[in-house]
Amino acid sequence: MKKGLDFTAEINQILGTKALHALKGKNFLRTEDVNMEQSFMLFHLAERLKQMHQSHIALPPLLNQKTVTLFFEKPSTRTRVSFDAGIHLLHGHSLFIDKSITQMGRGEDMQDTALTLSRYTDCIMGRVFAHKELEIMAKYSDKPVVNGLTDEDHPCQILSDLFTIREHFGRLRGLTLLYAGVSDNITDSLLVGCAMLGVNMYIASPKQFPVSRKYLQIAHALAKKSGAEIKIFNEMPDSNTLKNVNVVYTDEWESMHMHLDKKKLKPILSKFQLNEKLLSKCAKGARGMHCLPALKGEEVSQHVMYVKNSLVWEQARNRMYVQMALLSAILRN
């Protein structure tokens, strides 16, 4: 056990800041539901929780006597396990609910489900298809609701990704992230998160998959405040542009809510693959990222996933710590 890494007192001080106090009892449905100051305070808290945990020091019971419902409509590996493990590490209890084996499978609607679940537990994490369903859950729940993924937004993933980039590079402002591939909910969420925290965001996506105008509008408004630069490409950027890229990020070509003819689209989509050749054209020390699951050989090469310049597995690890920080702020006693 390492000595001198018990940050319990500092953790309580962080939770007591005005920025995080404002999150108490609040929903977290979209990436912009936290501001720049709150994001950085959550990162500071997550960093301390991670340091204590990896030093085998008992974590403070920040979720003691708190029960969090983990409500799933979509399949999951990282979301389920990271929330479940993190809640238990903070002395809370998680309750896994698969929609298909609830009364919703027999026709009960989200309104009645939310009214019921919020009477038993202190928070609901929802991983659902339609974002509107999550909004209905939040409307009728008298306890806070956290977005574990919808077709529109993946805010916990993006907060964790930005935490990972900051952890690796030591900063966010002025860095450039290139998203390469099919524009989807991850792209939209990244746009908002990067614009808010001062990360330049380049998107290279085929014209068949245009970037959401709604999220572009939100991102441009945030970028005016942070100084972030946003650029959209329908083909891979040229070498002069790539040499400024610090992070290349990609996602599956076909998200869970999509139905694509990948065989027909492969000649187009393969031009946007995250691979070693692409990274070699980027800035020195550029890193690859993927929110997972990955279909190696499609949107990402096998090699990039496991080399030393990959941040894929650290961003997966960090989901737990950032979500622990978020729940601690929302459910703080």
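To be clear, the structure that these remarks concern was listed above.
Residues numbered from 1 in each chain as written. Predicted model: local features only at pLDDT ≥ 70, side-chain atom pairs only at ≥ 80, totals over all residues. Heavy atoms only, no water.

Student: Can you lay out the nonpolar core for me, pointing to particular residues and giving the numbers?
Tutor: Counting 73 residues, the largest nonpolar core has Leu20, Leu42, Leu49, Val146, Leu162, Leu177 and Leu190 as the members making the most contacts within it. At nine residues, helix α14 (residues 312–330) tops the list of elements feeding residues into this core. Core analysis: the second largest hydrophobic core is formed by 20 residues, Leu178, Ala180, Tyr202 and Leu292 among them. (Core = buried A, V, L, I, M, F, W, Y, C linked by side-chain atoms within 4.5 Å. Buried < 20%, exposed > 50% of the residue type's maximum accessible area, 1.4 Å probe, protein only. Helix = DSSP H or I, 4+ residues; strand = E, 2+ residues; numbered from the N terminus.)

Student: Just give me the short version of the sheet that holds strand β5 (residues 176–180), but keep the residues and values in it.
Tutor: Within a beta sheet, neighbouring strands are joined by backbone hydrogen bonds and run either parallel or antiparallel to one another. Across the sheet, five strands lie side by side as β7-β6-β5-β8-β9; this open sheet has parallel pairing. The open sheet has two edge strands with one neighbour each: β7 (230–233) and β9 (287–290). Here the average twist between neighbouring strands, direction ignored, is 20°. Where strand β6 (residues 200–204) lies against β7, four bridges are found, and the strand directions are parallel. Following the sheet pairing, Tyr202 is matched in β7 by Lys231. Contacts from helix α7 (residues 155–169) reach β5, β8 (247–250) and β9, with the element oriented near 165° to β9. (Pairing = 2+ DSSP bridges. Axes fitted to C-alpha atoms, helices over the stretch in contact; angles between N-to-C directions. Contact = heavy atoms within 4.5 Å.)

Student: Describe in detail the packing of aromatic side chains, supporting the description with residues and values.
Tutor: Taken as a whole and assessed by the stated rule, the structure comprises six aromatic pairs. Here Tyr202 and Phe233 contribute two aromatic rings whose centre-to-centre distance is 6.0 Å and whose plane-to-plane angle is 70°, an arrangement assigned as edge-to-face. Of the two residues, Tyr202 is situated in strand β6 and Phe233 in strand β7; the sequence distance between them amounts to 31 residues. Side by side, Tyr202 and Phe233 carry an identical accessibility label, which is buried. Here a set of aromatic residues connected by ring pairs shows up, and it is made of Phe40, Phe43 and Phe163. (Phe/Tyr/Trp six-rings, centres within 6.5 Å; stacked < 30°, edge-to-face > 60°.)

Student: Describe the pairing of strand β4 (residues 145–149), naming the residues involved and giving the relevant values.
Tutor: Burial of β4 is extensive: five of the five residues sit out of reach of the surface. Across four bridges, the pairing between strand β3 (residues 123–127) and β4 is parallel. Each residue of the ladder has a partner; that of Met125, found in β4, is Val146. A crossover links β3 with its parallel partner β4, the connecting element being helix α6 (residues 131–140), and its sense is right-handed. (Right-handed = clockwise from strand over helix to strand, strands pointing away.)

Student: Give a detailed account of the sheet that holds β4, specifying residues and quantitative values.
Tutor: What the four strands build is an open sheet, ordered β2-β1-β3-β4; its pairing is parallel. Either end of the sheet is taken by a strand with one partner, and the two such strands are β2 (93–98) and β4. The mean angle between the axes of side-by-side strands here comes to 20°, regardless of whether they run parallel or antiparallel. Note: strand β1 (residues 67–72) against β3, five bridges, orientation parallel. By the bridge assignment, Phe71 is partnered in β3 with Gly126.

Student: Would you mind going over unusual backbone geometry in detail, with residue names and values included?
Tutor: What you tend to see is this: most non-glycine residues have negative phi, and most peptide bonds are trans. Pro293 follows Leu292 through a cis peptide bond whose omega is 0°. The residue Pro293 is located in the loop between β9 and α13 (302–306) in this model. At Gln65, a position not held by glycine, the phi torsion is positive, near 65°. Its location among the elements puts Gln65 in the loop between α3 (36–54) and β1. Gln65 sits in the exposed class, given a relative accessible area of 72%. Phi at Leu292 takes a positive value of approximately 70°, unusual for a residue other than glycine. Tracing the sequence through the fold places Leu292 in the loop between β9 and α13. Under the relative-accessibility criterion, Leu292 is labelled buried at 11%.

Student: Outline the pattern of salt bridges, supporting the account with residue identities and numerical values.
Tutor: For the coordinates displayed, the defined rule picks out eleven salt bridges. Between Lys50 and Glu314 there is a salt bridge, and its shortest N-O distance comes to 2.6 Å. Of the two residues, Lys50 is situated in helix α3 and Glu314 in helix α14; the sequence distance between them amounts to 264 residues. According to the relative accessible area criterion, Lys50 is buried, its value standing at 6%. When its relative accessible area of 23% is taken as the criterion, Glu314 is described as partly exposed. A salt bridge links Lys214 to Glu152; the shortest N-O distance between them is 3.4 Å. Pair noted here: Lys214 is in helix α9 (residues 213–226) and Glu152 is in the loop between β4 and α7, with a separation of 62 residues, a long-range link. Accessibility expressed as a relative area gives 28% for Glu152, which makes it partly exposed. Overlapping salt bridges, with partners in common, bring together Arg30, Glu135, Glu152 and Lys214 in one network. (Salt bridge = Lys/Arg side-chain N within 4 Å of Asp/Glu carboxyl O.)

Honestly, that's just the spatial picture; any functional story needs more than this.
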